[in-house]
Amino acid sequence: MGLNDKQVNKNRNFFQSLMHALGGVYSLVSTERNFRKHITLAVIAIIMGIWLQLTINEWLWITLAIFVVVVAEVLNTVVESIVDLIVGHHYHDEAKKAKDVAAGGVLIAAIFALVIGCLIFIPELMHEFHIHL
Ligand SMILES: Nc1ncnc2c1ncn2[C@@H]1O[C@H](COP(=O)(O)OP(=O)(O)OP(=O)(O)O)[C@@H](O)[C@H]1O
(Lines give C-alpha, C1' and ligand atoms only; values in the text may rest on other atoms or scores of the structure.)
Protein backbone atom coordinates (compact mmCIF):
# COMPACT_ATOMS: atom_id res chain seq x y z
CA MET A 1 0.00 0.00 0.00
CA GLY A 2 2.67 2.52 -0.97
CA LEU A 3 3.10 5.04 -3.76
CA ASN A 4 3.69 2.22 -6.21
CA ASP A 5 0.21 0.73 -5.99
CA LYS A 6 -2.16 1.48 -8.86
CA GLN A 7 -5.08 2.69 -6.74
CA VAL A 8 -7.10 5.53 -8.32
CA ASN A 9 -10.28 5.36 -6.21
CA LYS A 10 -10.73 7.09 -2.84
CA ASN A 11 -8.96 5.81 0.25
CA ARG A 12 -11.21 3.43 2.18
CA ASN A 13 -10.11 4.28 5.71
CA PHE A 14 -7.81 6.42 7.85
CA PHE A 15 -5.01 3.83 7.81
CA GLN A 16 -4.94 3.75 4.01
CA SER A 17 -4.92 7.59 3.88
CA LEU A 18 -2.09 7.64 6.43
CA MET A 19 -0.02 5.12 4.43
CA HIS A 20 -0.34 7.21 1.27
CA ALA A 21 0.50 10.42 3.16
CA LEU A 22 3.62 8.75 4.63
CA GLY A 23 4.50 7.55 1.13
CA GLY A 24 4.27 11.18 0.00
CA VAL A 25 6.69 12.28 2.72
CA TYR A 26 9.06 9.43 1.76
CA SER A 27 8.88 10.50 -1.88
CA LEU A 28 9.70 14.09 -0.86
CA VAL A 29 12.74 13.02 1.20
CA SER A 30 14.03 10.49 -1.33
CA THR A 31 13.64 12.56 -4.51
CA GLU A 32 14.06 16.22 -3.50
CA ARG A 33 17.71 17.14 -2.90
CA ASN A 34 16.91 20.68 -1.69
CA PHE A 35 14.35 19.33 0.76
CA ARG A 36 17.01 17.08 2.31
CA LYS A 37 19.36 20.08 2.64
CA HIS A 38 16.65 22.09 4.40
CA ILE A 39 15.88 19.18 6.75
CA THR A 40 19.62 18.92 7.59
CA LEU A 41 19.70 22.64 8.42
CA ALA A 42 16.56 22.24 10.53
CA VAL A 43 18.17 19.38 12.50
CA ILE A 44 21.29 21.55 13.07
CA ALA A 45 19.06 24.41 14.30
CA ILE A 46 17.23 22.04 16.67
CA ILE A 47 20.50 20.64 18.07
CA MET A 48 21.83 24.20 18.56
CA GLY A 49 18.54 25.18 20.17
CA ILE A 50 18.83 22.33 22.69
CA TRP A 51 22.47 23.24 23.38
CA LEU A 52 21.67 26.95 23.86
CA GLN A 53 18.54 26.15 25.91
CA LEU A 54 16.21 28.38 23.93
CA THR A 55 13.10 29.78 25.58
CA ILE A 56 9.62 28.57 24.58
CA ASN A 57 9.13 31.78 22.55
CA GLU A 58 12.34 31.20 20.64
CA TRP A 59 11.34 27.58 19.98
CA LEU A 60 8.00 28.77 18.60
CA TRP A 61 9.78 31.00 16.06
CA ILE A 62 12.28 28.29 15.10
CA THR A 63 9.42 25.79 14.68
CA LEU A 64 7.48 28.27 12.54
CA ALA A 65 10.55 28.93 10.36
CA ILE A 66 11.12 25.19 9.82
CA PHE A 67 7.49 24.51 8.93
CA VAL A 68 7.24 27.48 6.56
CA VAL A 69 10.20 26.09 4.58
CA VAL A 70 8.81 22.52 4.65
CA VAL A 71 5.39 23.70 3.40
CA ALA A 72 7.04 25.77 0.64
CA GLU A 73 9.08 22.70 -0.43
CA VAL A 74 5.92 20.56 -0.46
CA LEU A 75 4.07 23.09 -2.65
CA ASN A 76 7.11 23.42 -4.95
CA THR A 77 7.26 19.65 -5.43
CA VAL A 78 3.51 19.46 -6.09
CA VAL A 79 3.76 22.24 -8.70
CA GLU A 80 6.75 20.56 -10.40
CA SER A 81 4.97 17.21 -10.57
CA ILE A 82 1.73 18.64 -11.93
CA VAL A 83 3.54 20.80 -14.50
CA ASP A 84 5.61 17.79 -15.66
CA LEU A 85 2.41 15.71 -15.82
CA ILE A 86 0.72 18.32 -18.03
CA VAL A 87 3.53 19.44 -20.36
CA GLY A 88 6.07 16.63 -20.03
CA HIS A 89 9.40 17.64 -21.61
CA HIS A 90 7.86 20.31 -23.84
CA TYR A 91 8.88 23.92 -23.22
CA HIS A 92 5.96 26.15 -22.21
CA ASP A 93 6.09 29.74 -20.87
CA GLU A 94 3.34 29.05 -18.30
CA ALA A 95 5.16 25.90 -17.16
CA LYS A 96 8.30 27.99 -16.63
CA LYS A 97 6.32 30.62 -14.72
CA ALA A 98 4.63 28.03 -12.47
CA LYS A 99 7.93 26.30 -11.63
CA ASP A 100 9.87 29.54 -11.14
CA VAL A 101 7.17 31.05 -8.91
CA ALA A 102 7.04 27.86 -6.83
CA ALA A 103 10.84 27.93 -6.49
CA GLY A 104 10.60 31.63 -5.59
CA GLY A 105 8.22 30.67 -2.78
CA VAL A 106 10.85 28.32 -1.36
CA LEU A 107 13.47 31.07 -1.62
CA ILE A 108 11.26 33.56 0.25
CA ALA A 109 10.52 30.96 2.95
CA ALA A 110 14.24 30.15 3.27
CA ILE A 111 15.09 33.87 3.65
CA PHE A 112 12.40 34.15 6.36
CA ALA A 113 13.95 31.15 8.16
CA LEU A 114 17.44 32.66 7.83
CA VAL A 115 16.28 35.96 9.35
CA ILE A 116 14.60 34.13 12.25
CA GLY A 117 17.71 31.99 12.76
CA CYS A 118 20.01 35.04 12.83
CA LEU A 119 17.72 37.01 15.19
CA ILE A 120 17.60 34.11 17.66
CA PHE A 121 20.99 32.41 17.39
CA ILE A 122 23.37 35.39 17.02
CA PRO A 123 22.47 36.96 20.42
CA GLU A 124 22.37 33.52 22.06
CA LEU A 125 25.82 32.61 20.67
CA MET A 126 27.24 36.00 21.70
CA HIS A 127 25.91 35.40 25.22
CA GLU A 128 27.30 31.85 25.26
CA PHE A 129 30.78 33.00 24.21
CA HIS A 130 30.72 36.18 26.35
CA ILE A 131 30.99 38.50 23.35
CA HIS A 132 29.83 42.04 24.12
CA LEU A 133 29.59 44.74 21.46
N1 LIG B 1 8.31 22.38 -19.24
C2 LIG B 1 9.03 23.47 -18.98
N3 LIG B 1 8.80 24.59 -19.69
C4 LIG B 1 9.51 25.72 -19.45
N5 LIG B 1 10.48 25.82 -18.51
C6 LIG B 1 10.73 24.74 -17.76
C7 LIG B 1 10.02 23.51 -17.95
N8 LIG B 1 10.50 22.60 -17.07
C9 LIG B 1 11.44 23.23 -16.36
N10 LIG B 1 11.58 24.51 -16.76
C11 LIG B 1 12.57 25.50 -16.24
O12 LIG B 1 13.65 24.78 -15.71
C13 LIG B 1 13.80 25.03 -14.30
C14 LIG B 1 14.19 23.76 -13.61
O15 LIG B 1 13.12 22.85 -13.72
P16 LIG B 1 13.08 21.50 -12.89
O17 LIG B 1 11.85 20.77 -13.20
O18 LIG B 1 14.38 20.79 -13.07
O19 LIG B 1 13.04 22.05 -11.46
P20 LIG B 1 14.01 21.58 -10.31
O21 LIG B 1 15.42 21.81 -10.70
O22 LIG B 1 13.60 20.21 -9.96
O23 LIG B 1 13.64 22.63 -9.25
P24 LIG B 1 14.28 22.64 -7.81
O25 LIG B 1 15.63 23.30 -7.99
O26 LIG B 1 13.31 23.45 -7.02
O27 LIG B 1 14.35 21.21 -7.37
C28 LIG B 1 12.45 25.58 -13.87
O29 LIG B 1 12.59 26.44 -12.75
C30 LIG B 1 12.00 26.34 -15.12
O31 LIG B 1 12.62 27.62 -15.18
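With an unreviewed UniProt entry as reference, the protein chain is termed Diacylglycerol kinase family protein, source organism Secundilactobacillus angelensis. Entered under Subcellular location (unreviewed entry) in the UniProt record, the comment concerning the protein chain runs "Cell membrane". In its Sequence similarities (unreviewed entry) section, the UniProt entry covering the protein chain states "Belongs to the bacterial diacylglycerol kinase family."

Chemist: Explain the site of the ligand here, please?
Modeler: Around the ligand lies a shell formed by Glu32, Asn34, Asn76, Glu80, Val87, His90, Tyr91, His92, Ala95, Lys96, Lys99 and Asp100. Within the contact set of the ligand, a nitrogen atom lies 3.0 Å away from a backbone nitrogen or oxygen of histidine 90. With respect to the ligand, the backbone of histidine 92 contributes an N or O atom lying 3.1 Å from a nitrogen atom. Across the complex, the protein chains shield 61% of the 620 Å² of accessible surface that the ligand would expose by itself. At the level of secondary structure, the elements contributing two or more residues to the shell around the ligand comprise helix H3 (56-87) and helix H4 (93-128). A total of 4 residues in the shell around the ligand trace back to one element, the largest contributor, which is H4. Residues belonging to the shell around the ligand are distributed by class as follows: 3 nonpolar, 4 polar and 5 charged.

Rules used in this analysis
- Residues numbered from 1 in each chain as written.
- Predicted model: local features only at pLDDT ≥ 70, side-chain atom pairs only at ≥ 80, totals over all residues.
- Heavy atoms only, no water.
- UniProt positions renumbered as here; feature names shortened; annotations may be inferred.
- Near = heavy atom within 4 Å.
- Polar contact = N/O pair within 3.5 Å; in protein donor to acceptor, adjacent residues only side chain to side chain.
- Areas by Shrake-Rupley, 256 points an atom, 1.4 Å probe, with all protein chains shown as cover.
- Helix = DSSP H or I, 4+ residues; strand = E, 2+ residues; numbered from the N terminus.
- Nonpolar A, V, L, I, M, F, W, Y, C, P; charged D, E, K, R; others polar.

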